[in-house]
2 protein chains.
Amino acid sequence: MADTAVRPQTSRDARAAESAPPEAARIDVPLVTDLLLGTWADVRRTAREMIKDPAFWREDGLTHHQHRERVFQQLKKLVAHNSIARAMPAEYGGENNNGGNLASFEELVFADPSLQIKAGVQWGLFTSAIYQLGTKPHHDKWLPASLSLDLPGAFAMTETGHGSDVAAIGTTATYDAEAEEFLIHTPFRGAWKDYLGNAAVHGKAATVFAQLITGGVNYGVHCFFVPLRDDDGAFLPGVGGEDDGVKGGLNGIDNGRLHFDHVRVPRENLLNRYGDVAADGTYSSAIASPGRRFFTMLGALVQGRVSLDGSATNASALALKIAVTYGNQRRQFAGAAGAETVLMDYGKHQRRLLPRIATTYAQAFAHDELLQKFHGVFGGETDTEQNREDLETLAAALKPLSTWHALDTLQEAREACGGAGYLGENRLVNLRQDLDVYATFEGDNNVLLQLVGKRLLGDYAKQFKGKDPKEIAAFVVGQTAGKVFHGAGLRQLGQAVADLGQVARSVELGLRAKDQHELLAGRVQQMVADVAGRLRPAAKLGPEAAAALFNENQVELLEAARAHGELLQWEAFTDAVASIEDEGTRQILGWLRDLFGLGLIEKHLAWYLLHGRLSNQRAIALSRYIDRLCLRLRPHAQDLVDAFGLEPEHVRAPIASGAEQERQDEAAAHYADLAASGEAPVKEKKPQRG
Amino acid sequence: MADTAVRPQTSRDARAAESAPPEAARIDVPLVTDLLLGTWADVRRTAREMIKDPAFWREDGLTHHQHRERVFQQLKKLVAHNSIARAMPAEYGGENNNGGNLASFEELVFADPSLQIKAGVQWGLFTSAIYQLGTKPHHDKWLPASLSLDLPGAFAMTETGHGSDVAAIGTTATYDAEAEEFLIHTPFRGAWKDYLGNAAVHGKAATVFAQLITGGVNYGVHCFFVPLRDDDGAFLPGVGGEDDGVKGGLNGIDNGRLHFDHVRVPRENLLNRYGDVAADGTYSSAIASPGRRFFTMLGALVQGRVSLDGSATNASALALKIAVTYGNQRRQFAGAAGAETVLMDYGKHQRRLLPRIATTYAQAFAHDELLQKFHGVFGGETDTEQNREDLETLAAALKPLSTWHALDTLQEAREACGGAGYLGENRLVNLRQDLDVYATFEGDNNVLLQLVGKRLLGDYAKQFKGKDPKEIAAFVVGQTAGKVFHGAGLRQLGQAVADLGQVARSVELGLRAKDQHELLAGRVQQMVADVAGRLRPAAKLGPEAAAALFNENQVELLEAARAHGELLQWEAFTDAVASIEDEGTRQILGWLRDLFGLGLIEKHLAWYLLHGRLSNQRAIALSRYIDRLCLRLRPHAQDLVDAFGLEPEHVRAPIASGAEQERQDEAAAHYADLAASGEAPVKEKKPQRG
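Residues numbered from 1 in each chain as written. Chains lettered and ligands numbered in written order. Predicted model: local features only at pLDDT ≥ 70, side-chain atom pairs only at ≥ 80, totals over all residues. Heavy atoms only, no water.

This part takes up the overall build of chain A. When helices and strands are tallied, chain A shows 25 helices and 14 strands. Taking 2.2 N^0.38 as the reference for a compact globule, 690 residues should give roughly 26 Å; the C-alpha atoms of chain A span a radius of gyration of 28 Å, in line with that estimate. On the principal axes, the C-alpha backbone points of chain A span a range of 100 × 75 × 55 Å. Charge-centre separation for chain A: the mean point of 73 positive side chains lies 6 Å from the mean point of 88 negative side chains. (Helix = DSSP H or I, 4+ residues; strand = E, 2+ residues; numbered from the N terminus. Rg over C-alpha atoms; globule rule 2.2 N^0.38 Å. Lys, Arg positive; Asp, Glu negative; His and termini not counted. Charge placed at Lys NZ, Arg CZ, Asp CG, Glu CD.)

Structure below.
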């Protein structure tokens, strides 16, 4: 239990370094805050300053009607703060800063997730559809009013009957060449548009997705600008709808349903960037393949997924800030020395909170990479088909992990705060209620993971293209050694993954960065190869048997996709740590990265054991080592959550305000005074035996 | 893929039986409903009839003030229905039916969990404290009014500063012999009573837990009857309080805080069943040990934990009824044959819902055993110290598992229903919000598991008592063979666990009932022995080092306690299956029990592999076998959830009402008509290459 310096080489030194007292190093909190805020730190800080205004905060106890009105007013304040148009080109008041635009948006979750998502509906979906799917005349006609909120709009894609499978929606837009108009029509109840923000009350128009039919041919899903309500808020002729009512959360948003009875809109209301209809009804598109055209249109709207990844990570950070702060002040049950034990000193409490801090850090770093990729593609600098595809896969891999992690973390944090965690004033429950739907909107998490899984399978298959059977056989051998396959944006093995050069017990155990990467990447590769191998017979089967075979392997494919996302997060975390110059900070964040990586391996331990990738001995060492990492990180827990950079106006939970510490101090002083007064009641004597 | 009958013996027959088409057997739904409703099926049916009245239902969109008033009126209706006094003796209008009383209470969760928990506060806590901790004069004085709701009361145990550690509460009750009164006093802010139902608005009195001090001696925590408000609802002199405001759920309950400034109550207001103070201030108690007295008083209030186990199981059942019904009607993405695939036919969807049905069944059966035990002890038939202790351990083992399972199941069900699952009208989100706090009230789940863990350690140690080292050595050897230790209400290995005599693939794989039991029980034994072994040095350590050692093993001790609870559930499930006479039903519920047991083993697979209790081969077979069990159970999914016996008035979720099927049928008919009309638009031609 000695030695503070890290010295390399001998096993004895390694052990000494590993057990260096944790007080020896501290993290440089402001430095880590900068790192976590990432590429658009300045924009994030601006947004955080803005939402210090209580007018932006969620207010408990409102009816959903009152909450909706409050949020609508908040949206106007966003406009007044010039906070919503960063992604637009200069001519529409923006600065073509796509990454910054989302970074700013992601910070709104601290104010009120309803405000965030209503802003997302108005500018991230409705306005974006006009901008991304429309052309200059549409921009000139509708962008100014949608940006200023004079034209609140709904994004009418999802239907009651079709969410994840957008290609199969039932709404039709049939072209009438005589009138040069489209007829927007809802043919049956399942084709009602549903769950649309702005639809129940505020929406004056909608971007409506419908099957474009002209000349008796269905050209697939396209988007149309459709006016909904007159100036008095009444539905226009042919338009109808319903309020979705109270939801599990986000009750500041007026979600609702819409249906259309042969509603006529001018031909020009087709948002025609990717497909157009001439006056005579002739269809044209620069993208010949209907499938590729469809996915290009959908891909243009990927920003929702990207931003949810960052928002969910922010919510996790806030939850951990609250729970750790409280856990460092709250005491329960007398410890060995008589005084009550601080919650964070319990082994279980550490295991509940510290690994979740590690995951949240990993997500923050991975998200910044995602945002950079997004910025490059949508700003035009790196806008290639390959990059778009990679961006979509990356977003589809990260968004499920971070949104689920937010729900898990908010729940654990709430339970870790006991009854106090259940009070609305301490925010954890409301945040969880609001974030709940992040797991299924902008792409159901499981459907997104399946998308990633299919991409991984596709990349895997590409490696065989044009190879002869001998080469493939050699490949399969190589694969067993865990050396070959890298799909969908994976860093190459051994490439760009900085070994931190830490010399510690982890070295002896084979658990350092290089080993972690090998284990995590090896698992992705092996799982994809395994599923691919099992699916190989599908080519020779009929469609039903092939579908059944795929179905049998669905669970494992989703798991492979998840493993892929985890690996990406680990890699981003590792790169971030490597970039740190301050030695103490780098060491402690290195431990946190280890906790993340080893935690993943522990979570999937059965897999590693079954596939002979970890010996029993290493596996047993792993769990013990994680326990020790928790102990080592415990003194830094507060620093680690303080580094999220959240100020009192962002936290706003009384239990994380220092009030608990005051209560503890007051109680301790009371008992000390009582003891000093000599009037303290004595303890009852234990009964005599016999 | 042939053969419908189950014939024993040869491996070939076994394989045939295992692959018998699932349509061959059906479950007898009413029979299973009877089984699930358990010992107090009639009482449950009565309660379910009662709550068909919409006046009992939760209403969306109310403010918490409105909701509180609605629930208060609902409580009056419970009184009118004579639904709340079953546990009381005849002289107070009851029938001394403790099991039936809780069974009825548990059904209220289908109406509105707020109604349930507010009823729990009034009659399960406040009235029970008077009844269980008081004596005849208290009963005569206060029970009639508390039972009739003329005297709404709060149960003032928890303080802002002390929840789980009740023994350390700060509120004092100091005896003034001159006035023959107790002074109830709150010495500092952390000692405010907090989170108390009925405290914010409706409570006219409270049963207040405080440190009883007389003659300068603190005799520990006792309970006092303290009036709170006058007839106009104003606080009496010296009493103060606050509203806890909006919570994460259960907003139909007026939780609040209370504090007391030297409030005087007559000496007779001490609820004196377990400890009394004479007029002159002399303390007396039939229980000499302060520790045992304290735990006896707390144990008298165990019914809260018992009933939450049943309520959480009911909530899980409802969630699965909704999600499976919807999953059997909702279609998404075209399948092999062109038509869209029903959600329940997806491998992932099966893996999401079927194992949770299995767990819910296991819980229902385990809960009925718990309820029987409770009924025996509290009705007096089996009221021994040993039985009380077993009951408390059993409740502490089962309540955490079922309340966490409810949260997990409600969330998975909500996600499995997509956007529709997020609507308040479909109930999953609201139920989850209400049930959230079940994980930390009436005993924080982790604290309860620690209680169980300590009991397991104690039972383990008892085996060594009086044995010489040679015997202990022999014991340790025997233990490795997994044959010895059985603590805390475990059935003996091989005892009472019916082997169903199923001959199937599971036999070959070593995965049948006997094997499952051996694996599950062996894990509990081994984990307890391992922790005990690691804690052994504690006896020779100082208190700080001993506490640190315990802390290091806390996570694993909690895991052992959880494993113990899972084993109890498995055993109850197995006994229930064995009791079924209908062959088809027994077979299918046997599969479901297998899914539960093997699912547990899969969840802890790394442990089994690391401890050499499963070979790699068996482990790999396990997961594949679970997949096949899911496929085999899939055609019975609807029957299994229908067997919960919930009627439309209990379900009330539009998505589980058949509305989705109607929408699907309407859409299918629309497309069929369109095709028949010859006017359907044709698909766009794929572009020619080159």
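Resuming the write-up.
Okay, the packing of helix α4 (residues 64-80) of chain B against helix α6 (residues 113-133) of chain B next. Residues and elements named next belong to chain B. At a closest axis distance of 9 Å, the pairing of α4 and α6 adopts a crossing angle of 65°. Every pair of crossing elements has a handedness; the one defined by α4 and α6 is right-handed. Across the interface between the two elements, H67, V71, F72, Q74, L75, L78 and V79 from α4 touch S114, L115, K118, A119, Q122 and W123 from α6. Here the residues of the contact of α4 with α6 sort into 8 nonpolar, 4 polar and 1 charged. (Axes fitted to C-alpha atoms, helices over the stretch in contact; angles between N-to-C directions. Left-handed = near helix turned anticlockwise from the far one by under 90°. Contact = heavy atoms within 4.5 Å. Nonpolar A, V, L, I, M, F, W, Y, C, P; charged D, E, K, R; others polar.)

Applying the stated rule across the entire model yields 32 aromatic pairs over all chains. Taking 5.1 Å as the distance between ring centres and 55° as the angle between the ring planes, the aromatic pair formed by Y175(A) and F182(A) counts as tilted. Each of the two residues, Y175(A) as well as F182(A), counts as buried. When the ring of Y361(A) is compared with that of F644(A), the centres are 5.4 Å apart and the planes differ by 55°; the resulting orientation is tilted. A residue pair is termed long-range when its members are at least 10 positions apart, and Y361(A) in helix α10 (residues 347-379) and F644(A) in the loop between α23 (637-642) and α24 (648-651) qualify at 283 residues. Given the relative accessible area of 0%, Y361(A) is considered buried. Given a relative accessible area of 7%, F644(A) falls into the buried group. Three or more aromatic residues joined by ring pairs make a cluster, and in this case those are Y361(A), F365(A), F573(A), F596(A) and F644(A). R523(A) extends its terminal NZ or CZ atom over the ring of W607(A), reaching a point 5.5 Å from the ring centre. K77(B) extends its terminal NZ or CZ atom over the ring of F56(B), reaching a point 5.5 Å from the ring centre. (Phe/Tyr/Trp six-rings, centres within 6.5 Å; stacked < 30°, edge-to-face > 60°. Buried < 20%, exposed > 50% of the residue type's maximum accessible area, 1.4 Å probe, protein only. Lys NZ or Arg CZ within 6 Å of the ring centre and 35° of its normal.)

A few words now on unusual backbone geometry. Residue and element names in this part refer to chain A. Look at N198: it is not a glycine, yet its phi comes out positive at around 75°. As for its position among the elements, N198 is in the loop between β4 (193-196) and β5 (205-214). A positive phi angle, near 50°, is found at E442, a position not held by glycine. By the element assignment, E442 lies in the loop between α13 (428-435) and α14 (445-462). E442 sits in the partly exposed class, given a relative accessible area of 24%.

Overall, the coordinates contain 9 cavities of 30 Å³ or more when judged by the stated rule. Of the pockets and cavities examined, the largest cavity occupies roughly 580 Å³. Lining the largest cavity we find 34 residues, and of these L62(A), V246(A), N251(A), L62(B) and N251(B) sit closest to its centre. Of all the elements in the fold, those that place two or more residues in the lining of the largest cavity are α4 (64-80) and α13 of chain A together with α4 and α13 (428-435) of chain B. (1 Å grid on protein atoms, 1.4 Å probe; cavity = no way out; pocket = protein on both sides within 12 Å on 5 of 7 lines; lining within 4 Å. Points joined across faces, edges and corners; volume = space filled by probe spheres on them.)

Now for the interface of chain B and chain A. Taken together, the contact pairs 101 residues of chain B with 101 residues of chain A. Summed over both sides, the interface of chain B with chain A buries roughly 8100 Å², with 55% coming from carbon and sulfur. On the chain B side of the contact with chain A, Y422(B), L610(B) and E684(B) bury the most area, a combined 10% of that side's loss. Where chain B touches chain A, the interface holds 8 salt bridges. For the salt bridge of D436(B) with R414(A), the shortest nitrogen-to-oxygen distance reads 2.9 Å. Between the two partners, chain B and chain A, sit 58 residue pairs in polar contact (both at pLDDT 80 or more). Of the residues belonging to the side of chain B that touches chain A, the class tally is 42 nonpolar, 29 polar and 30 charged. (Buried area = accessible area lost by both parts, 1.4 Å probe. Salt bridge = Lys/Arg side-chain N within 4 Å of Asp/Glu carboxyl O. Polar contact = N/O pair within 3.5 Å; in protein donor to acceptor, adjacent residues only side chain to side chain.)

Per the counting criterion, the structure on display carries 97 salt bridges over all chains. For R455(B), the salt bridge identified is with E389(B), shortest N-O distance 3.5 Å. Highlighted residues: R455(B) in helix α14 (residues 445-462) and E389(B) in helix α11 (residues 385-416), separated in sequence by 66 residues. Using a relative accessible area of 11% as the deciding quantity, one classes R455(B) as buried. Judged by relative accessible area, which is 34%, E389(B) ranks as partly exposed. In this structure, the salt-bridge partner of D459(B) is R455(B), at a minimum N-O distance of 3.4 Å. Placement of the pair is D459(B) and R455(B) together in helix α14, with a separation of 4 residues, close to one helical turn. Salt bridges here are not isolated pairs; linked through shared partners, they connect K373(A), E389(A), D390(A), R455(A), D459(A) and K462(A).

All names here are of chain A. We note that the domain assignment places domain 1 (40-148), domain 2 (156-285) and domain 3 (302-648) within chain A. Each of domain 1 and domain 3 was reduced to a C-alpha centroid, and the two centroids are 29 Å apart. Contact between domain 1 and domain 3 buries roughly 2200 Å² in total, counting both sides, with carbon and sulfur atoms accounting for 53%. For domain 1, the biggest contributors to the area lost against domain 3 are W40, L102 and F110; these three give 25% of the whole. Remark: the boundary between domain 1 and domain 3 carries 2 salt bridges. Residues D434 and R58 are paired through a salt bridge, measuring 3.7 Å at the closest nitrogen-oxygen approach. Inspection of the domain 1/domain 3 interface yields 15 residue pairs in polar contact (both at pLDDT 80 or more). For the side of domain 1 that touches domain 3, the secondary structure elements donating two or more residues are α3 (41-50), α5 (98-107) and α6 (113-133). (Domains from an automatic or database assignment.)

Turning next to the UniProt feature "domain: Acyl-CoA oxidase C-alpha1" (unreviewed entry) in chain A. Taking the numbering used here, the UniProt-annotated feature "domain: Acyl-CoA oxidase C-alpha1" (unreviewed entry) corresponds to residues 299-457 of chain A. Measuring from the first to the last C-alpha atom of residues 299-457 of chain A gives 20 Å, for a span that is 74% helix and 4% strand. (UniProt positions renumbered as here; feature names shortened; annotations may be inferred.)

On to the relation of the copies chain B and chain A. Once chain B is rotated about the relating axis by 180° and shifted along it by 0.0 Å, it coincides with chain A to within an RMSD of 0.0 Å. Such a combination of turn and shift is consistent with a two-fold rotation axis. Considering only C-alpha atoms, the part of chain B nearest the rotation axis is A606(B), at 2.1 Å. Taken as a fraction of all interface residues of chain B, those also at the interface in chain A reach 100%, which identifies the copy contact as same-surface. (Least-squares fit on C-alpha atoms with pLDDT ≥ 70 in both.)

Turning our attention to the nonpolar core. Across soluble globular proteins, you tend to see nonpolar side chains buried next to one another. In terms of nonpolar packing, the biggest core is built from 356 residues, with L133(A), Y361(A), L435(A), L133(B), Y361(B) and L435(B) touching the most fellow members. Apart from the residues within four sequence positions on either side, L133(B) is in contact with S128(B), F209(B), C223(B), L271(B), N272(B), R273(B), Y274(B), M297(B), A300(B) and L301(B). (Core = buried A, V, L, I, M, F, W, Y, C linked by side-chain atoms within 4.5 Å.)

Per the UniProt annotation, the sites labelled "domain: Acyl-CoA oxidase C-terminal" (unreviewed entry) are residues 518-656 of chain A. Secondary structure within residues 518-656 of chain A divides into 78% helix and 0% strand; the distance between the first and last C-alpha atoms comes to 40 Å.

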